[in-house]
Amino acid sequence: MSEEETPCDGTKDELAEMPGTPEAGTASFLANPNEFTSVADVISIVRVPWERRLQTAAVASFVFALPFTMACMLVSGLLLMNPFTTFPMLIYLVVIYNDTAQHTGKRRSEWVRGWKWWKHFAAYFPMSLRSDAKLNPDDKFVFGYHPHGIISVGALATFGTDGLDFSGVFPGIDVHLVTLPTNFRVPFLREIWLSLGICDSSKKTFKSILSRGSGSAIAVVVGGAAESLESAPGTMELTLCNRRGFVRQAILYGACLVPVVGFGETDVFQTTQMPAIKSIQERLQKYMGFAVPIFHGRGVFNKAFGLLPFRRSVHVVVGTPVDPAKLSPLAKLAAEKGEGWLCKDEQGVKLVELVHDAYMEELQKVYDRHKNVCYPMRVKSMVIN
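Residues numbered from 1 in each chain as written. Predicted model: local features only at pLDDT ≥ 70, side-chain atom pairs only at ≥ 80, totals over all residues. Heavy atoms only, no water.

Enquirer: Even after reading the chapter, I still don't get the overall build of the protein, so can you show me in this structure?
Expert: In terms of regular secondary structure, the protein is built from 19 helices and 11 strands. By the burial criterion, 50% of the 385 residues in the protein qualify as buried. Taking all contacts inside the protein whose residues are at least 6 apart in sequence as the whole, residues at least 24 apart take part in 78%. As displayed, the protein offers around 18100 Å² of accessible surface, 61% of which is attributable to carbon and sulfur atoms. (Helix = DSSP H or I, 4+ residues; strand = E, 2+ residues; numbered from the N terminus. Buried < 20%, exposed > 50% of the residue type's maximum accessible area, 1.4 Å probe, protein only. Contact = heavy atoms within 4.5 Å. Areas by Shrake-Rupley, 256 points an atom, 1.4 Å probe, with all protein chains shown as cover.)

Next up, the structure:
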């Protein structure tokens, strides 16, 4: 087998024998219900192995975080109105307002990240993790995860938890996944994200984490909410050409940029593209910070329709680091000159473009190297917008 076709952990043939293997044709059930030959193909209540039930519960615990967010807000309101809990709740809200843990990741718990619960989460699809190169724990890193998909399940399993044994594959690298700052304004639920070491995506976080020196790392889902609106099975429509903020932060703090591709991330949900409401979705994304794509998956007790992702394999491949300092000696001046220099000075802007181009080139190499084995079900090649 050639170097360009390095096998992923859990290729298509192997997955057929693995517990948690994808249900054939699940995503197209509504379009072709005849693909299911019996009620048992659609309804999954009885005779389901305990292991698969645990996998479903683990994934559901993450997927239903949005309705749980609403529940947390409701409970907070009730506690504020109760005279016996008003004062403690007010104190807690003041703590949340002044807390900096979402920038530092200091409330991270290796015990929580290492729960077997997250192994069940990864086994649900199932997922695998591999790397094209060894990462030196003496360096600092900014991992860029692609594509966003609907809820970035691959990013959570790889960087937000130890579900794919990131700490074992890359010993000595202390990674923190970043997400929207609004997630840390939700009482109670924020404590779960903080215990996983997840931080907000502000510049304060990059400074706090990457200033710690060797082995510090941040993982960012680069495409963000805008990219989720382009998610569709068999495709990778990336929003990247105008995303340079993470590149500037990496240069500023002397970190290597590492492209990461989650093959199959866009396949775990079936999506519907409706041009008539696309402008409304984009407007909501612009003002609210998150997108509202139209999608469906499977249910807890059925395989045809629901909010859980389909059981479809996701292969996460970590590419070769791009070191800005090796691309240009000017990169070493960034810390002294500051971010303004990278944004406004002609030399700084060209440096950012140089590193950004090198990053996109390495990302394309990762995709080309693994697409035939890790993503044979694609319907078109990766597109970078």
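Enquirer: Please explain the sheet that holds strand β2 (residues 141–146) as it appears in this structure.
Expert: What links the strands of a sheet is backbone hydrogen bonding, and the strands pair in either a parallel or an antiparallel sense. Read from one edge of the open sheet, 7 strands run β1-β10-β7-β2-β5-β3-β4, paired in mixed fashion. Only two strands of the sheet have a single partner each, and these edge strands are β1 (127–131) and β4 (199–200). With 5 bridges joining them, β1 and strand β10 (residues 314–318) adopt parallel strand pairing. What sits directly across from serine 131, in β10, is valine 318. Contacts from helix α9 (residues 153–160) reach β1, β2, β3 (174–179), β5 (216–221), β7 (256–263) and β10 within the one sheet, and its direction differs from that of β3 by about 150°. Packed on one face of the sheet, helix α12 (residues 203–210) meets β2, β3, β4 and β5 and runs near 150° to β5. (Pairing = 2+ DSSP bridges. Axes fitted to C-alpha atoms, helices over the stretch in contact; angles between N-to-C directions.)

Enquirer: Would you mind showing me how to read the nonpolar core here?
Expert: Side chains of nonpolar character tend, in soluble globular proteins, to be buried together. Residues Phe121, Phe125, Met127, Phe143 and Phe159 are the most contacted members of the largest nonpolar core, which totals 51 residues. When sequence neighbours within four positions are dropped, the list of residues in contact with phenylalanine 143 reads Leu135, Phe159, Phe166, Ile173, Val175, Ala217, Ile218, Ala219, Val220, Val258, Val260 and Val318. Of all hydrophobic cores here, the second largest spans 40 residues; its members include Met236, Val247, Phe263 and Met382. (Core = buried A, V, L, I, M, F, W, Y, C linked by side-chain atoms within 4.5 Å.)

Enquirer: Looking at this model, I keep getting lost on the packing of aromatic side chains. Mind explaining?
Expert: Applying the stated criterion to the full structure yields 16 aromatic pairs. With a centroid separation of 5.0 Å and an interplanar angle of 75°, the aromatic rings of tyrosine 124 and phenylalanine 125 are classed as edge-to-face. Phenylalanine 125 carries the same exposure label as tyrosine 124, and that label is buried. (Phe/Tyr/Trp six-rings, centres within 6.5 Å; stacked < 30°, edge-to-face > 60°.)

Enquirer: I tried to follow the packing of helix α3 (residues 50–63) against helix α8 (residues 116–123) on my own but got confused; where do I start?
Expert: Their axes nearest at 8 Å, the elements α3 and α8 cross at an angle of 95°. With respect to their mutual orientation, α3 and α8 come out roughly perpendicular. Counted together, Glu51, Leu54, Gln55, Ala57, Ala58, Val59, Ser61 and Phe62 of α3 and Trp117, His120, Phe121 and Ala123 of α8 form the full contact between these two elements. Partitioned by chemical class, the residues of the contact of α3 with α8 number 8 nonpolar, 3 polar and 1 charged. (Parallel < 35°, antiparallel > 145°, perpendicular 65-115°, else oblique. Nonpolar A, V, L, I, M, F, W, Y, C, P; charged D, E, K, R; others polar.)

Enquirer: What am I meant to see in the pattern of salt bridges here?
Expert: Pairing of side chains with opposite charge becomes possible as their charged atoms draw close. In this structure the tally under the stated criterion is 12 salt bridges. With a shortest N-O distance of 3.3 Å, arginine 190 and glutamate 191 are connected by a salt bridge. In this structure, a network of salt bridges that share partners links the residues Asp99, Arg107, Arg190 and Glu191. (Salt bridge = Lys/Arg side-chain N within 4 Å of Asp/Glu carboxyl O.)

Enquirer: Would you take a moment to explain helix α5 (residues 86–98) for this structure?
Expert: Because each turn of an α-helix spans 3.6 residues, side chains separated by three or four positions end up pointing in the same direction. With 13 residues, α5 ought to run about 18 Å at 1.5 Å a step, and its terminal C-alpha atoms sit 19 Å apart, in line with that. Of the residues making up α5, those classed as buried are Met89, Tyr92 and Ile96. Viewed along the axis of α5, the buried residues span an arc of 60°, placing them on a single side of the element. Residues Phe87, Tyr97 and Asn98 are exposed on α5 and point more than 90 degrees away from its buried face. (Expected span 1.5 Å × (residues − 1). Arc of directions from axis to C-beta.)

Enquirer: Would you take a moment to explain the environment of glycine 319 for this structure?
Expert: Tracing the sequence through the fold places glycine 319 in the loop between β10 and α16 (324–327). Along the sequence, glycine 319 and leucine 257 sit 62 residues apart, while their C-alpha atoms lie 9.4 Å from each other. Apart from residues no more than four positions distant in its own chain, glycine 319 is found in contact with Asp132, Val258, Pro259, Glu362 and Val366.

Enquirer: Just checking my understanding: could you explain the pairing of β3 for this structure?
Expert: If a strand is regular, its side chains alternate between the two faces of the sheet. Inspection of the sheet shows β3 paired to β5 by 4 bridges, in the parallel sense. Considered in β5, the bridge of valine 175 is made with alanine 217. Direction of pairing for β3 relative to β4: parallel, over a ladder of 2 bridges. Counted as the bridge partner of valine 178 is cysteine 199 from β4.

Enquirer: When you look at the side chain of histidine 356 in this model, what are you seeing that I'm missing?
Expert: Relative to the helices and strands, histidine 356 is located in helix α19 (residues 346–374). Here the side chain of histidine 356 touches leucine 240 through a polar contact of 3.1 Å, landing on its backbone oxygen. Non-local contacts of histidine 356, meaning those with residues more than four positions away in its chain, are made with Leu240, Cys241, Arg243, Arg244 and Val247. (Polar contact = N/O pair within 3.5 Å; in protein donor to acceptor, adjacent residues only side chain to side chain.)

Enquirer: Would you take a moment to explain the pairing of β5 for this structure?
Expert: By the criterion of burial, β5 is predominantly enclosed, with 6 of the 6 residues buried. Neither face of β5 is left uncovered, since the one carrying Ser216, Ile218 and Val220 and the one carrying Ala217, Ala219 and Val221 both have all their residues buried. As paired elements, β2 and β5 share 5 bridges and run parallel to each other. Each bridged residue has a counterpart across the sheet, and for phenylalanine 143 the counterpart in β5 is alanine 219.

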